[in-house]
Amino acid sequence: MSGAGTEDQFDGNGLALAVLNAIQHPVVLVDKAGHIAFANWEAESFFGASASHLSRHDFSNFIPFGSPLLTLIEQVRERRAAVNEYRVDLSSPRLGVDKLVDLYVAPVTSEPGSVVVVLQERSMADKIDRQLTHRGAARSVTGLASMLAHEIKNPLSGIRGAAQLLETSVLDEDRALTRLICDETDRIVSLVDRMEVFSDERPVDRVALNIHAVLDHVKAVARAGFARNIKISENYDPSLPPVFANRDQLVQVFLNLIKNAAEAIGDKPDGEILLTTAYRPGIRLSVAGTREKVSLPLEFCVHDNGPGVPPDLLPHLFDPFITTKTNGSGLGLALVAKIIGAHGGIIECDSPGHRTTFRVLMPASKGVSEDDDTPENKGTSR
């Protein structure tokens, strides 16, 4: 089967071609000679080449040497039965890093030896999985916070009161012990107070916001305090539409993320934090507490060139009590995940090598930002 012949067949059936191009996953038809007889638009984007260029080469030229995908194609040809394979790594200099895909390979009964290959990038599925995991972790902390507030804070107040009474009657050399009891009970109460934030299930009050105004405010706070010795730069999309969010909670989120980045960089002389915003259409998820499906086209990132996050910690980074800090509580990122989840968004972290990126995906506002009258920041239709 030649590429041209197949294109003619599809040209004769415009509806079939339109359907294949509408599929949001790469789809290729590999003929019995191993050439790409057809590639939809997503496949052109995935392989970084036009359909006409793809059709002039063997399929094996576009995937890593020794890839299990070639074995799957041969298996389907021999057995004449469809095969699924999950989490196959197609990373290569041509395709890029982190190209983890699920594969569906099926025979074409009308063309012996030809197979259809459908690739589903894991990034989308993983984002959904991580979102559900982070929300579940936040809900587990919600129940724990309510229990702790009731079962621990009351006895602690009694312990502290008893220590204060003892302090008036003990010898001077023993007052350090009573002071230690008071300090430690105060520390535990402070930790429980922080966890009580998770039990606040009231609806989030949201309005149309200019995210750049929020980030500039957070950047000013950071430069005046914990990040005064670290370079903070930005790369913003000036045409970004407003985000539908709560300003105070967004400030809390990005203060936390930038503070984490600053602490990771530490005294590194060339340490830098980069804030970026971009428009990334294509992801649709449910808003927490509703049946509404919304798009999450707004991407806000905090990048740093610190030492990175250990690979074994990455999958659990947003779980409560998980931290790399010796004196950290492990609740900061769990709270960030709760806030972003309550906004119907996604928070994720990538840390290849000595660089870490926290990526926030959120819905755009349907209205116009109330705090910015400039045309470029009111949003553009896309």
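Draft legend 1. Molecular detail of the packing of aromatic side chains. Under the defined criterion, the tally for this structure stands at four aromatic pairs. Taken together, a centroid distance of 6.3 Å and an interplanar angle of 70° make the contact between F47 and F62 edge-to-face. A residue pair is termed long-range when its members are at least 10 positions apart, and F47 in helix α3 (residues 41-47) and F62 in the loop between α4 (51-55) and α5 (68-79) qualify at 15 residues. F47 gets classed as buried once you look at its relative accessible area, which sits at 2%. According to the relative accessible area criterion, F62 is buried, its value standing at 2%. Each ring, one from F254 and one from F300, has its centre 6.3 Å from the other, and the planes form 65°; the classification is edge-to-face. Taken together, the residues span a long stretch of sequence, with F254 in helix α10 (residues 247-265) and F300 in strand β12 (residues 298-304) at a distance of 46 residues. Residue classification places F254 among the buried positions, given a relative accessible area of 1%. Among the residues examined, F300 registers a relative accessible area of 0% and is labelled buried. Cluster of aromatic residues (ring-pair linked, three or more members): F46, F47, F59 and F62.

Draft legend 2. Molecular detail of α5. For α5, spanning 12 residues, the distance from its first C-alpha to its last is 16 Å, which sits close to the expected 16 Å at 1.5 Å a residue. Buried within α5 are the following residues: L69, L72, I73 and V76. In an axial view of α5, the angular spread of the buried residues amounts to 100°, which keeps them on one side of the axis. Turned more than 90 degrees away from the buried face of α5, the exposed residues are T71, E78 and R79. Contacts made by the buried residues of α5 are with β3 (83-89), β4 (100-107) and β5 (115-121).

Draft legend 3. Examining the pattern of salt bridges more closely. Tallied over the entire structure, the rule returns 10 salt bridges. For R179, the salt bridge goes to E167, with nearest N and O atoms at 3.6 Å. Of this pair, R179 sits in helix α8 (residues 175-196) while E167 is found in helix α7 (residues 153-167), placing the two residues 12 residues apart along the sequence. When the shortest N-O distance is used, the salt bridge between K219 and D216 registers 3.8 Å. Pair noted here: K219 and D216 are both in helix α9 (residues 211-224), with a separation of three residues, about one helical turn. By relative accessible area, D216 is classed as partly exposed at 36%. The network of salt bridges with shared partners includes E299, E348, D350 and R359.

Draft legend 4. Structural context of the sheet that holds β4. Ordered in space as β2-β1-β5-β4-β3, the five strands form an open sheet in which the pairing is antiparallel. Pairing within the sheet leaves two strands with one partner each, and these edge strands are β2 (36-39) and β3. Within this sheet the neighbouring strands show an average axis-to-axis angle of 25°, counted without direction. Taken strand by strand, α5 contacts β1 (27-30), β3, β4 and β5, and its axis lies near 20° from that of β4.

Draft legend 5. Structural detail: the environment of F254. On a C-alpha basis, the gap between F254 and F358 in space is 9.8 Å, while along the polypeptide they are 104 residues apart. Other than its neighbours up to four places away in sequence, F254 contacts I211, L215, V218, F300, V302 and V360.

Draft legend 6. Main features of the packing of α9 against α10. Across the interface, α9 lies against α10 with an axial gap of 9 Å and an inter-helix angle of 50°. In terms of their interaxial angle, α9 and α10 are classed as oblique. The two elements α9 and α10 meet at a crossing, and its hand is right-handed. Here α9 contributes I211, V214, L215, H217, V218, V221 and A222 to the contact with α10, which in turn contributes R247, L250, V251, F254, L255 and I258. Within the contact of α9 with α10, the residues separate by chemical class into 11 nonpolar, one polar and one charged.

Draft legend 7. Representation of the sheet that holds strand β9 (residues 272-279) in the model. Here we have five strands laid out as an open sheet, ordered β7-β9-β12-β14-β13, and mixed in their pairing. If you trace the sheet from one side to the other, it starts and ends with β7 (231-235) and β13 (346-350), each paired once. Averaged over neighbouring strand pairs, the angle between their axes works out to 15° when direction is ignored. Where β9 lies against β12, seven bridges are found, and the strand directions are antiparallel. In the strand pairing of β12, L274 is matched with H303. Running at roughly 25° to β12, α10 makes contact with β9, β12, β13 and β14 (356-362) of the sheet. Where helix α11 (residues 332-342) meets the sheet, it contacts β13 and β14, and its direction lies at approximately 140° from that of β13.

Draft legend 8. Representation of the pairing of β4. Where β3 and β4 come together, five bridges link them in antiparallel fashion. Across the sheet, the residue bridging to E85 is L103, located in β4. Looking at chain direction, β4 and β5 are connected through seven bridges and run antiparallel. Looking across to β5, one finds that L103 is bridged to L119.

Draft legend 9. Expanded view of the side chain of T276. Tracing the sequence through the fold places T276 in strand β9. There is a polar contact of 3.1 Å between the side chain of T276 and the side chain of H303. The residues touching T276, leaving out its near neighbours within four places in the chain, are N235, E299, F300, C301 and H303.

Rules and cut-offs
Residue indices begin from 1 for each chain and proceed along its sequence in written order. Since the coordinates come from a predicted model, pLDDT governs what is reported: local features require at least 70, and pairs of side-chain atoms require 80 or more to be given and counted, while whole-chain, interface and lining totals use all residues. Based on all heavy atoms of the structure, the side-chain values leave hydrogens and waters out of the count. Planes of paired rings set the category: under 30 degrees apart is stacked, over 60 is edge-to-face and the rest tilted, where pairs are Phe, Tyr or Trp rings (Trp by its six-membered ring) whose centres lie within 6.5 Å. Numbered from the N terminus, helices here are DSSP runs of H or I no shorter than four residues, and strands are runs of E no shorter than two. Burial classification: accessible surface area is computed with a 1.4 Å probe over protein chains only, and a residue below 20% of its type maximum counts as buried, one above 50% as exposed, and the rest as partly exposed. To estimate how far a helix should reach, multiply one less than its number of residues by 1.5 Å. The arc refers to the directions leading from the helix axis to the C-beta atoms. Contacts between residues were defined by any pair of non-hydrogen atoms, one from each residue, lying within 4.5 Å. Within this document, salt bridges are pairs made up of a side-chain nitrogen of Lys or Arg and a carboxyl oxygen of Asp or Glu, the two lying within 4 Å of each other. Strand pairing is assigned whenever DSSP identifies at least 2 bridges connecting the two strands. Where helices are involved, their axes are fitted lines through C-alpha atoms of the stretch in contact, as for all axes, and angles between N-to-C directions lie from 0 to 180°. Each angle is binned into one of four classes, with values under 35 degrees roughly parallel, values over 145 roughly antiparallel, values of 65 to 115 roughly perpendicular, and all other values oblique. Here is the rule for handedness: rotate from the far helix to the near one, and if that takes an anticlockwise turn smaller than a right angle the crossing is left-handed, while a clockwise turn gives right-handed. Three classes are used, and their members are as follows: Ala, Val, Leu, Ile, Met, Phe, Trp, Tyr, Cys and Pro are nonpolar, Asp, Glu, Lys and Arg are charged, and the others, Gly among them, are polar. We define a polar contact as two N or O atoms separated by no more than 3.5 Å, with the added condition that, inside protein, one atom must be a possible hydrogen donor and the other a possible acceptor, whereas residues neighbouring each other in sequence contribute only through side-chain atom pairs.

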